[in-house]
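One-letter residues, chain by chain:
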Amino acid sequence: MADELDGIKKNLLALRARLSGDVTQMEDSALRQSRHDSELSSMPIHMADVGSDNFEREFTLLLMQTGTDTLAKINNALEKIEEGTYGICEVCGAKIPKKRLQAVPYATMCVKCADKAGN
């Protein structure tokens, strides 16, 4: 079991590192785009371009929020590994099946409870 937890911990750490880089890259891209937009603010812009730019910005913000939420879940899972409570459903206290943890290593609920919660 300790070997399994070590493997899961390594996977979570790798996922966290990748997501951290992705979120940082999206933040940098959004900031560069905002600066670029302010430099071009005196130029006339077609309304369709404004709509496309707004859509892209909103989509990037959504991706950043999703990434940030996932990072929080990963950190929570890493804490649970250290506490010895990893793999236990936060709602009913049952063990979360290994297959679920392999698919979603930061899962906090068993399949039944996740279904009931709409996750």
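Bear in mind the structure is a predicted one, so any value in this text is a computation, not a measurement.

## Topic: the overall build of the protein
When you go through the protein residue by residue, the secondary structure sums to four helices and zero strands. Within the protein, counting contacts between residues at least 6 apart in sequence, those at least 24 apart form 54% of the total. Here the protein displays about 8,500 Å² of accessible surface, and carbon together with sulfur accounts for 56% of that area.

## Observations concerning the pattern of salt bridges
Tallied over the full model, the rule gives three salt bridges. Here K80 ties to E90 by a salt bridge, and the two come within 2.9 Å at their closest N and O atoms. With a gap of 10 residues between them, K80 in helix 2 (residues 47-83) and E90 in the loop between helix 2 and helix 3 (98-103) connect regions that are remote in the sequence. Owing to a relative accessible area of 46%, E90 belongs among the partly exposed residues under this scheme.

## Quick notes on a nonpolar patch on the surface
On the surface, F55, F59, L62 and L63 cluster together into a nonpolar patch covering about 420 Å² of accessible area. Looking at the element boundaries, L62 is found in helix 2. Of the residues examined, L62 reaches a relative accessible area of 51% and is grouped as exposed.

## Brief notes about the nonpolar core
Of all hydrophobic cores here, the largest spans 17 residues; its most connected members are L12, Y86 and C89. Those elements that place two or more of their residues in this core are helix 1 (2-39), helix 2 and helix 4 (111-117). Setting aside residues up to four positions removed in sequence, L12 forms contacts with I74, A77, L78, I81, P105 and Y106.

## Details of the side chain of R100
Assignment of secondary structure puts R100 in helix 3. At 7.0 Å, D115 is the nearest oppositely charged side chain to R100, a buried residue that forms no salt bridge. Each residue touching R100, except ones within four places of it in the same chain, is listed here: A107, M109, C110, V111 and A114.

Calculation rules
- Residues numbered from 1 in each chain as written.
- Predicted model: local features only at pLDDT ≥ 70, side-chain atom pairs only at ≥ 80, totals over all residues.
- Heavy atoms only, no water.
- Helix = DSSP H or I, 4+ residues; strand = E, 2+ residues; numbered from the N terminus.
- Contact = heavy atoms within 4.5 Å.
- Areas by Shrake-Rupley, 256 points an atom, 1.4 Å probe, with all protein chains shown as cover.
- Salt bridge = Lys/Arg side-chain N within 4 Å of Asp/Glu carboxyl O.
- Buried < 20%, exposed > 50% of the residue type's maximum accessible area, 1.4 Å probe, protein only.
- Patch = residues over 30% accessible without salt bridge, like charges linked within 9 Å, V, L, I, M, F, W, Y side chains within 5 Å.
- Core = buried A, V, L, I, M, F, W, Y, C linked by side-chain atoms within 4.5 Å.
- Lys, Arg positive; Asp, Glu negative; His and termini not counted.

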